[in-house]
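# Geometric and topological summary
The chain contents come next:
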Amino acid sequence: MNTSSTSSTPSETTLDIYCVFGNPIAHSRSPWIHTRFAELTGEALSYTKRLAPLDGFAQALNDFRTEGGRGCNITVPFKLQAAALADHISPRAALAGACNVLYMVDGQLHADNSDGIGLVRDITINAGFELKGRDILLIGAGGAAAGVLGPLLECRPRRIIVANRTVAKAQALVDAHAALALLQKVELLALTLQAPGTYFDLIINGTASSLSGGGIPVPSSCLRPGSLACDLMYGPAAQGFLTWAAEHGAQGRDGLGMLVEQAGEAFEMWRGVRPPTAQVLAELRTLLAAA
Ligand code: NAP
């Protein structure tokens, strides 16, 4: 998919256009991440953030295509709509019912979802945590949880409990993934937030609770010393969850690694080049710590 000249420097070529759509979007770190990927791999592209009106995403996407846009990331609240607007959808995006990556091939719009593989890469590679045979508690049943459940099942843990405030949404997610769970021989159940009843090797907070100041959504009995506790949020909003994990002897991890790894997957889809995600994650952590 990389059609950029290899004999010219980025400043001498027409830059391929990429962006991230969201509403709100001002907070997004994706332009910084993709610009850094491009610098480190020598790819000639521009990547900006675009605020789409809440009722105007389809038009904004159409304008982007008309301008010659090559690909984009999609964030809240357009992930479901983006999947529906695409001409082709990958199996993992179809299973999630949501997409965070779009790209053009021969005038056709393709949709994919790199959130789940981004989280799995962060947990298994960056944090060095083996998923096979583990007991996992996935908290939340929104777009983020839907994106990560399939890739988590493919790592063949022993069991995944999906716990959500609205348990019917957790059950719907479990039902949609039942065939994959059977294939991978993983026990998959839906429960309420208060019901998990035991401790887990890995807890993933995929709720927006940290954002809304809603506190820790599950009892501390879910944690034991040595558990890994990941919040998909990052920055100050994740701090309460990370402190809670540390107070119970668990290893806390925020969502910054997932953010960089899902971006790395998108960059590779667009450009056919794997960017150095570990380096960019380390640089971004330093940048945010200094801010
Ligand atoms: P979403 O679709 O709006 O879903 C929100 C989820 O949070 C639902 O399960 C909802 O439960 C639950 N929730 C909200 N407030 C709660 C509270 N006070 N207590 C308990 N549960 C609550 O959002 P999303 O797209 O899944 O995003 C979830 C989080 O993941 C966000 O913080 C987002 O920033 C983060 N995220 C991070 C990355 C990354 O790369 N690091 C990528 C994607 C998302 P109900 O179903 O009962 O409403």
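For the structure itself, look to the data block above.
For the structure given in this document, a descriptive report is provided here. Since the model is a prediction, treat every value here as computed from it, not as a measurement.

For the rest of this paragraph, the subject is unusual backbone geometry. A cis geometry characterises the amide bond from Asn23 onward to Pro24, with omega recorded as 10 degrees. Along the chain, Pro24 falls in the loop between β1 (16-22) and α1 (30-41). Cis geometry marks the peptide bond from Val76 to Pro77; its omega dihedral reads 5 degrees. Residue position: Pro77 is located in the loop between β3 (71-74) and α3 (79-85). Although it is not a glycine, Arg156 adopts a positive phi angle of roughly 55 degrees.

Turning next to the nonpolar core. One broad trend across soluble globular proteins is that nonpolar side chains are buried collectively. One finds Ile123, Ile160, Val162, Leu202 and Ile204 to be the most contacted residues of the largest nonpolar core, which totals 30 residues. Once residues within four sequence positions are removed from consideration, Ile160 is found in contact with Ile136, Leu138, Leu149, Leu152, Leu153, Val186, Glu187, Leu188 and Leu189. Listed in part, the 21 residues of the second largest apolar core include Ile33, Phe37, Leu256 and Ala263.

A word on the site of the ligand. Taken together, 24 residues lie near the ligand, and Ala144, Asn164, Thr166, Lys169 and Met233 sit nearest. In the model, an oxygen atom of the ligand is placed 3.0 Å from a nitrogen or oxygen of the Ala141 main chain. Within the contact set of the ligand, an oxygen atom lies 2.9 Å away from a backbone nitrogen or oxygen of Gly143. With the chains in place, 79% of the 930 Å² that the ligand exposes on its own is no longer accessible. Of all the secondary-structure elements, those providing two or more residues to the shell around the ligand are α6 (143-154), α9 (209-212) and α11 (256-271).

Looking now at the environment of Gly71. Looking at where Gly71 falls in the secondary structure, it is placed in strand β3. By relative accessible area, which is 2% here, Gly71 ends up buried. A sequence separation of 31 residues divides Gly71 from Leu102, and the C-alpha atoms of the two residues are 5.3 Å apart. The residues touching Gly71, leaving out its near neighbours within four places in the chain, are Ile17, Tyr18, Cys19, Phe64, Leu102, Tyr103 and Trp270.

Let's shift gears to the sheet that holds strand β10 (residues 202-205). Sheets are built from strands that pair by backbone hydrogen bonding, the pairs being arranged parallel or antiparallel. One open sheet holds the six strands; their spatial order is β9-β8-β7-β10-β11-β12, and the pairing between them is parallel. Pairing within the sheet leaves two strands with one partner each, and these edge strands are β9 (187-191) and β12 (251-253). Pairwise comparison of adjacent strand axes, ignoring direction, gives a mean angle of 15 degrees for this sheet. With four bridges connecting them, strand β7 (residues 135-139) and β10 associate as parallel partners. In the strand pairing of β10, Leu138 is matched with Ile204. Its contacts with the sheet put helix α5 (residues 115-126) on β10, β11 (228-231) and β12, and the angle it makes with β10 is roughly 145 degrees.

About the thresholds
- Sequence order as written defines residue numbering, which begins from 1 separately in each chain.
- It should be noted that, the model being predicted, local features are given only for residues of pLDDT at least 70 and side-chain atom pairs only at 80 or more, the latter also being counted only at that level, while totals for whole chains, interfaces and linings use all residues.
- As a rule here, side-chain values cover all heavy atoms of the structure and leave hydrogens and water aside.
- In DSSP terms, a helix is any run of H or I states spanning at least four residues, a strand is any run of E spanning at least two, and both are numbered starting from the N terminus.
- In these notes, a set of buried Ala, Val, Leu, Ile, Met, Phe, Trp, Tyr and Cys residues joined through side-chain atoms within 4.5 Å is what counts as a nonpolar core.
- Throughout this description, buried means an accessible area under 20% of the type-specific maximum (1.4 Å probe, protein chains only), exposed means over 50%, and partly exposed covers the range between.
- By definition in these notes, contact holds between two residues if any of their heavy atoms fall within 4.5 Å.
- Throughout, near means a residue has at least one heavy atom within 4 Å of the molecule or strand.
- Think of a polar contact as two N or O atoms within 3.5 Å of one another; within protein, one of them needs to be a possible hydrogen donor and the other a possible acceptor, and neighboring residues in sequence only count if both atoms come from side chains.
- A 1.4 Å probe and the Shrake-Rupley method give the accessible areas. Residues count as covered only by the protein chains that appear here.
- Between any two strands, pairing holds if DSSP finds at least two bridges.
- Comment: axis = line fitted to C-alpha atoms, over the contacting stretch for helices; angle = value between 0 and 180 degrees taken between N-to-C directions.

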